[in-house]
Amino acid sequence: MSDAPALVVAVDQARCIGSGLCARTAPADLALAPNGRALPTRPATGGSAELTEAAEMCPVEAITVRDATTGALVAPVW
């Protein structure tokens, strides 16, 4: 059992430009939808370095990763 907090991933569809960097960086957590925009692959995840990296590298900051319990922002760090 992991001690990592459960994380919630959200993608702002209005901001997403479909660059695909996130889906290539964290394919277990993010995918590109038929419309070309990113979508979380599951409602909550244990998280990974790849997921936070994907949120950090999004060119339009469309991805947020939050602690599922507290709602605290995990990534991106502004």
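The structure displayed is predicted, hence computed values, not measured ones. (Residues numbered from 1 in each chain as written. Predicted model: local features only at pLDDT ≥ 70, side-chain atom pairs only at ≥ 80, totals over all residues. Heavy atoms only, no water.)

A. Region of interest: the sheet that holds strand E1 (residues 7-11). An order of E1-E4-E5 is seen for the three strands of this open sheet, with the pairing classed as antiparallel. At either margin of the open sheet sits one strand with a lone partner, and together these are E1 and strand E5 (73-75). On average, adjacent strands in this sheet sit at an angle of 35° to one another, irrespective of strand direction. Here strand E4 (residues 63-67) pairs with E5 via two bridges, running antiparallel. In the strand pairing of E5, Val65 is matched with Ala75. (Pairing = 2+ DSSP bridges. Helix = DSSP H or I, 4+ residues; strand = E, 2+ residues; numbered from the N terminus. Axes fitted to C-alpha atoms, helices over the stretch in contact; angles between N-to-C directions.)

B. A look at the pattern of salt bridges. A full pass over the atoms with the stated rule returns one salt bridge. The shortest N-O distance in the salt bridge between Arg42 and Asp29 comes to 2.8 Å. One end of the pair, Arg42, is in the loop between strand E3 (38-40) and helix H2 (49-57); the other, Asp29, is in the loop between helix H1 (21-25) and strand E2 (30-32), and 13 residues separate them in sequence. Relative accessible area serves as the criterion here: at 36%, Arg42 is assigned to the partly exposed category. (Salt bridge = Lys/Arg side-chain N within 4 Å of Asp/Glu carboxyl O. Buried < 20%, exposed > 50% of the residue type's maximum accessible area, 1.4 Å probe, protein only.)

C. Inspection of the side chain of Thr25 at higher detail. Positionally, Thr25 belongs in helix H1. Judged by relative accessible area, which is 18%, Thr25 ranks as buried. Within the structure, Thr25 has its side chain in polar contact with the backbone oxygen of Leu21 (distance 2.7 Å). Not counting residues up to four positions away in its chain, the partners in contact with Thr25 are Glu50, Glu53, Ala54 and Met57. (Polar contact = N/O pair within 3.5 Å; in protein donor to acceptor, adjacent residues only side chain to side chain. Contact = heavy atoms within 4.5 Å.)

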